[in-house]
Amino acid sequence: MRSRQRLVLGRLETAWSRLGATIVAAAALAACAGVRSPELAPGSAAAHVPREQLANGDAIVVVRDYVDEFKLDGGTVHKRVRWAWNYSRGLTQELRSNLDGSELVVIDHPRLTLRATADELQYAVSLVRDDPRFAGRVTPELQFDSGFSYREPGNPACYLHSRCIHVIASRDAGAHIVIHAIVDLMQGTIVDPDYDPRMTGIADPPGKGE
């Protein structure tokens, strides 16, 4: 009797799991198909780097793309998983599909940040290089490093729906820091041209910028 009860409960659990997965997939596809995307900001990185478009018109930049295994109904299936930044909505998304691209499921991760792609980094550096405020500091020997995400609850320009990253320019392999800016790739703007004046290169006097 107990074995039969366990069998019935197991079948019910499987049925509910399938129903839940169907609802999530349907909701994701409906969201992709039925909502008009907001316009991108003129300086948005998405307008200047390779991007893709979802069914609803959302502009996304794929950061990671790989194949993973998932347990389903006692078996193992392979799914294509892509992590992308949605520039139309300002959030991270996980896109799961069959290997042939069918049965796409889109999952929002609004509090998750993603490292910028090489193209996004290049665009961020170009914004700093071309900014008139740095004209006297940008020289051919500068080395630019960027990509570390910046998100702070107390910073309205760099919290939810932003894609802010650090851009640092230095001389002599980091011995002298010349520029430390924060760039928001969502808007294509430099939100802070001198983020941390106390952060210096290994050969600079401590607190040089204070």
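Focus: the state of the cysteines
The bond known as a disulfide is covalent and runs between the sulfur atoms of two cysteines.
Then comes step 1: Going through the model one piece at a time under the given rule, you end up with 1 disulfide.
Then comes step 2: One disulfide bridge connects Cys158 with Cys164, the sulfur atoms lying 2.1 Å from each other. Because the torsion about its S-S bond is -80°, the bridge between Cys158 and Cys164 counts as left-handed. As far as burial versus exposure is concerned, Cys158 and Cys164 are alike and both buried.

Comments concerning the pattern of salt bridges
Then comes step 1: Counted under the stated rule, the structure contains 7 salt bridges.
Then comes step 2: When the shortest N-O distance is used, the salt bridge between Arg82 and Glu52 registers 2.7 Å. With a gap of 30 residues between them, Arg82 in strand β3 (residues 75-86) and Glu52 in strand β1 (residues 52-53) connect regions that are remote in the sequence.
Then comes step 3: Note on Arg82: relative accessible area 12%, which makes it buried.
Then comes step 4: Residue classification places Glu52 among the partly exposed residues on the basis of a relative accessible area of 36%.

A few points about the pairing of β3
Then comes step 1: Taken together, the 12 bridges between strand β2 (residues 59-72) and β3 define a ladder with antiparallel strand orientation. From the neighbouring strand, Phe70 faces β3, where its bridge partner is Val77.
Then comes step 2: Between β2 and β3, which pair antiparallel and follow one another directly, the connecting turn spans 2 residues, one of which, Asp73, has a positive phi of 55°.
Then comes step 3: In the sheet, β3 pairs with strand β4 (residues 91-97) via 7 bridges, with the strands oriented antiparallel.

Focus: the environment of Leu160
Then comes step 1: Relative to the helices and strands, Leu160 resides in the loop between β6 (143-150) and β7 (164-171).
Then comes step 2: Classification of Leu160 by relative accessible area gives partly exposed; the value is 32%.
Then comes step 3: In sequence terms Leu160 and Arg111 are 49 residues apart; their C-alpha atoms lie 7.1 Å from each other.
Then comes step 4: Not counting the four nearest positions on each side in its chain, Leu160 is found in contact with Pro110, Arg111 and Arg151.

Concerning the nonpolar core
Then comes step 1: By size, the foremost hydrophobic cluster in this structure holds 26 residues, and its most contacted members are Tyr87, Val128, Phe144, Val167, Ile179, Val183 and Leu185.
Then comes step 2: When contributions to this core are tallied by element, the ones reaching two or more residues are α2 (118-130), β7 and β8 (176-184).
Then comes step 3: The element contributing the most residues to this core is α2, with 6 residues.
Then comes step 4: With residues near it in sequence (within four places) discarded, Val128 still touches Phe134, Val138, Phe144, Val167, Ile179, Ala181, Val183 and Ile190.
Then comes step 5: Core analysis: the next-biggest nonpolar cluster, separate from the first, contains 5 residues, Leu54, Ile60, Ala84 and Leu95 among them.

Details of unusual backbone geometry
Note: most peptide bonds trans; most residues except glycine with negative phi.
Then comes step 1: With phi around 55°, Glu103 is a residue other than glycine that occupies positive phi space.
Then comes step 2: The backbone of Asp172 sits at a positive phi, close to 55°, despite the residue not being glycine.
Then comes step 3: Tracing the sequence through the fold places Asp172 in the loop between β7 and β8.

Focus: the sheet that holds strand β9 (residues 189-192)
Then comes step 1: Pairing within the open sheet is antiparallel, and its 4 strands lie in the order β6-β7-β8-β9. Two strands in the sheet have a free side with no partner beyond their single neighbour: β6 and β9. Averaged over all pairs of adjacent strands, the angle between their axes in this sheet comes to 35°, without regard to strand direction.
Then comes step 2: Relative to the sheet, α2 contacts β6, β7, β8 and β9, its axis offset from that of β6 by approximately 115°.

Topic: the sheet that holds β4
Then comes step 1: Ordered by their spatial adjacency, 5 strands build an open sheet running β1-β2-β3-β4-β5, and the pairing between neighbours is antiparallel. Edge positions in the sheet fall to β1 and β5 (105-109), since each of these pairs with one other strand and no more.
Then comes step 2: Bridge analysis of β4 against β5 gives 5 bridges, and the strand direction is antiparallel. Within the sheet, the bridge partner assigned to Gln93 lies in β5 and is Asp108.

Cut-offs applied
Residues numbered from 1 in each chain as written. Predicted model: local features only at pLDDT ≥ 70, side-chain atom pairs only at ≥ 80, totals over all residues. Heavy atoms only, no water. Disulfide = S-S within 2.5 Å. Buried < 20%, exposed > 50% of the residue type's maximum accessible area, 1.4 Å probe, protein only. Salt bridge = Lys/Arg side-chain N within 4 Å of Asp/Glu carboxyl O. Helix = DSSP H or I, 4+ residues; strand = E, 2+ residues; numbered from the N terminus. Pairing = 2+ DSSP bridges. Contact = heavy atoms within 4.5 Å. Core = buried A, V, L, I, M, F, W, Y, C linked by side-chain atoms within 4.5 Å. Axes fitted to C-alpha atoms, helices over the stretch in contact; angles between N-to-C directions.

By themselves, these are just geometric observations and shouldn't be taken as functional.
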